[in-house]
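# Per-entry structural report
Listed below are the residues making up each chain.
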Amino acid sequence: MHLEGGSMVIRNNYIQSVEKVRKSFVKNKRFPSVTLFDFFDEKEFKGFFKEIGKVKFVHERDVMRHSWSKSQVPKKILNALNSPEVLEFVSTVAGRKISCIGASLYKFKHKDYTILHDRDGDRDEIEILIDFTPNWCGDYGGDVFYVDGKENYSEVPSGANTMTIVHKKKGTQRFVKYVNHLSKGKEKIVLFGKVLL
Amino acid sequence: MEWIHEKHLTKLPKLEKKPFPHVEIDGFLLPERGIALLKGLMKERFYSKDADLFSFFQTNDLTKAKEKTIKDFVAFLKSEEFQDYVGDIFDVSLNSKVDLFGSLYKNTHYLLPHDDRLEGRRVAFMYYLSEMPVSDGGSLGLYQSKNNNPTKIVKRVKPQFNKFVMFLVSKESFHEVEEVISKDKQRIAFGGWLHGN
């Protein structure tokens, strides 16, 4: 499948091995998930990154829940996420028919974070995470974690052009670790998407 | 009492009411007690604590410690004299149950905003055993709140050797430990709670 103009969004090797990706996804029974590195076609990803550079982020802080900068997802990226190619890929990996992906874009810089709260984890859902951050170091914080009701943690691998698909079961919550001063002005840019089944 | 410096016995420390009831007492214990407690604490084992809300090192429950100096400190905290002293400051009734642990914050460590509320906890306390200049972080930030939600920090308490801080645990007692921004300084303290009915 292709976007308008005939370009592929997803790297061909993933398209070819989608069943293998599905197997990896279901293998982890506690946190069914898979992280795909260099997921998007390189040219497409560069285009996405350029679009992100044009949008306005607004900083928000709800002390007991989060501190982040948030933006709407640029149309080019949202269209790519909702292309037949990506929807079919995610549907196959997640093992369920997915009709639409809604998303928001976030930046996390020094002193930003999210904290676990009761309202997260109410539903059984599929989440998409796309990391757009070049040259991020784990020592800075900012990593994304999932935790279940029994305090089992799963860390999402990070890296620019990384796509993670997660089956976030009921009772599982997500947080972004506090970004510390070692980040020295760098920003983690991540898209969180929810799948409408 | 052979623990508290005489100047704090002849006159009760001043209770500050904003943003919530607390006291900050410099030079609280007899200096030799503070030095002995620091030595005793550094013999304890510290464990890494890492979650959405925090990153630091902490000991196990020190009310079960075998080290004599710490055992004596626990006995002091549980003593009728100390319980009455605190009860008079805050006008609360305590029941001699005490929680006590040691904490160690190094570079990038932090504790995000929270209110300490858990059944039975009436007064939270911190006894500092190291100095942290403002530029090195590690301060205790006290939040103003509106409708039981924290809004902004209105007071910062700088760690200082032999400083004792206490506050009334309530729906408004939101506080945090600011990130430590120092490669070589450490924030060392005892912390815990006095319980009541």
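Residues numbered from 1 in each chain as written. Chains lettered and ligands numbered in written order. Predicted model: local features only at pLDDT ≥ 70, side-chain atom pairs only at ≥ 80, totals over all residues. Heavy atoms only, no water.

In this section: a negative patch on the surface. Residue and element names in this part refer to chain B. Among the surface-exposed residues, Glu80, Glu81, Asp84, Asp88 and Asp91 lie close enough to one another that they form a single negatively charged patch. Position of Asp84 among the secondary structure elements: in helix H4 (residues 80-90). Look at Asp84 and you get partly exposed, because its relative accessible area is 43%. (Patch = residues over 30% accessible without salt bridge, like charges linked within 9 Å, V, L, I, M, F, W, Y side chains within 5 Å. Areas by Shrake-Rupley, 256 points an atom, 1.4 Å probe, with all protein chains shown as cover. Salt bridge = Lys/Arg side-chain N within 4 Å of Asp/Glu carboxyl O. Lys, Arg positive; Asp, Glu negative; His and termini not counted. Charge placed at Lys NZ, Arg CZ, Asp CG, Glu CD. Helix = DSSP H or I, 4+ residues; strand = E, 2+ residues; numbered from the N terminus. Buried < 20%, exposed > 50% of the residue type's maximum accessible area, 1.4 Å probe, protein only.)

Our next topic: the pattern of salt bridges. Two side chains carrying opposite charge are able to pair once their charged atoms lie near each other. Considering all chains together, one arrives at 24 salt bridges over all chains under this definition. Among the salt bridges present, the one from Arg123 of chain A reaches Glu125 of chain A, with a minimum N-O distance of 3.7 Å. The exposure class of Glu125 of chain A is buried, given its relative accessible area of 10%. A salt bridge links Asp26 of chain B to Lys163 of chain B; its shortest N-O distance comes to 3.7 Å. Taken together, the positions of Asp26 of chain B in the loop between strand S1 (22-25) and helix H2 (31-41) and Lys163 of chain B in the loop between strand S8 (149-157) and strand S9 (164-168) put the pair 137 residues apart, joining distant regions of the chain. Classification of Asp26 of chain B as partly exposed rests on a relative accessible area of 38%. Relative accessible area serves as the criterion here: at 3%, Lys163 of chain B is assigned to the buried category. Via salt bridges that share partners, Arg123, Glu125, Glu127, Lys168, Arg174 and Lys194 of chain A belong to a single interconnected network.

This part takes up the packing of H2 of chain B against helix H3 (residues 68-78) of chain B. Residue and element names in this part refer to chain B. The interhelical angle for the contact between H2 and H3, taken along N-to-C directions, is 120 degrees, at an axis separation of 8 Å. Regarding the angle of H2 to H3, the classification is oblique. Taken as a pair, H2 and H3 cross one another with a handedness that is left-handed. Taking contact as the criterion, the partners of Ala36, Leu37, Gly40 and Leu41 in H2 are, on H3, Thr69, Ile70 and Phe73. Here the contact of H2 with H3 is composed, by residue class, of five nonpolar, two polar and no charged. (Axes fitted to C-alpha atoms, helices over the stretch in contact; angles between N-to-C directions. Parallel < 35°, antiparallel > 145°, perpendicular 65-115°, else oblique. Left-handed = near helix turned anticlockwise from the far one by under 90°. Contact = heavy atoms within 4.5 Å. Nonpolar A, V, L, I, M, F, W, Y, C, P; charged D, E, K, R; others polar.)

Before going further, it helps to examine the interface of chain B and chain A. Contacts between the two partners involve 20 residues from chain B, matched on the other side by 16 residues from chain A. Summing the contributions of chain B and of chain A, the shared interface buries around 1400 Å²; its carbon and sulfur component is 62%. When the buried surface of chain B facing chain A is broken down by residue, Asp52, Leu112 and Glu179 of chain B rank first, second and third, together holding 38% of it. Inspection of the region where chain B meets chain A yields one salt bridge. Between Asp50 of chain B and Lys177 of chain A there is a salt bridge, with its nearest N and O atoms 2.7 Å apart. (Buried area = accessible area lost by both parts, 1.4 Å probe.)

Glancing now at the confidence of the model for chain A. Of the residues in chain A, 96% reach a pLDDT of 70 or more, and the chain-wide mean stands at 93. For residues 1-6 of chain A, every residue scores under 50 in pLDDT, and the model assigns this stretch eleven contacts once sequence neighbours within four places are set aside. (pLDDT = per-residue confidence, 0-100.)

As a further point, take the packing of aromatic side chains. Residue and element names in this part refer to chain B. Evaluation of the coordinates by the stated rule reveals 30 aromatic pairs over all chains. Arranged with centres 4.8 Å apart and planes meeting at 45 degrees, the rings of Phe76 and Phe82 form a pair that is tilted. Each member of the pair Phe76 and Phe82 is classed as buried. Taken together, the aromatic side chains of Trp3, Phe28, Phe73, Phe76, Phe82, Tyr85, Phe125, Tyr127, Phe164 and Phe190 make up a single cluster linked through ring pairs. Its guanidinium or amino end placed over the ring of Trp3, Arg33 lies 3.9 Å from that ring's centre, counting from NZ or CZ. Of note, Arg187 hangs over the ring of Tyr105, and the distance from its end group to the ring centre comes to 4.8 Å. (Phe/Tyr/Trp six-rings, centres within 6.5 Å; stacked < 30°, edge-to-face > 60°. Lys NZ or Arg CZ within 6 Å of the ring centre and 35° of its normal.)

As a further point, take the pairing of strand S7 (residues 140-146) of chain B. Residue and element names in this part refer to chain B. For S7 and S8, the ladder comprises seven bridges, and the chain directions are antiparallel. Paired with Leu142 across the strands is Lys155, a residue of S8. Between S7 and S8, which pair antiparallel in sequence order, lie two residues; one of them, Asn147, sits at a positive phi of approximately 50 degrees. (Pairing = 2+ DSSP bridges.)

That bond from Lys18 of chain B to Pro19 of chain B is cis: its omega, -5 degrees, falls within 30 degrees of zero. Relative to the elements of secondary structure, Pro19 of chain B occurs in the loop between helix H1 (7-10) and S1. For Asp38 of chain A, which is not a glycine, the phi torsion comes out positive at approximately 50 degrees. Looking at the element boundaries, Asp38 of chain A is found in the loop between strand S1 (33-36) and helix H3 (42-52). In this structure, Asp91 of chain B is a non-glycine residue whose phi angle is positive, near 60 degrees. With respect to the element layout, Asp91 of chain B can be found in the loop between H4 and strand S4 (94-105). According to the relative accessible area criterion, Asp91 of chain B is exposed, its value standing at 72%.

On to the sheet that holds strand S8 (residues 153-156) of chain A, then. Strand pairing in a sheet is mediated by backbone hydrogen bonds. Such pairs are either parallel or antiparallel. Residue and element names in this part refer to chain A. The three strands lie next to each other as S8-S7-S10, forming an open sheet whose pairing is antiparallel. With partners counted over all chains shown, the strands left at the sheet margins are S8 and strand S10 (173-176), one partner each. Each strand of the sheet is rotated relative to its neighbour by a mean of 25 degrees, with strand direction disregarded. Across four bridges, the pairing between strand S7 (residues 144-147) and S8 is antiparallel. Considered in S8, the bridge of Phe145 is made with Glu155.

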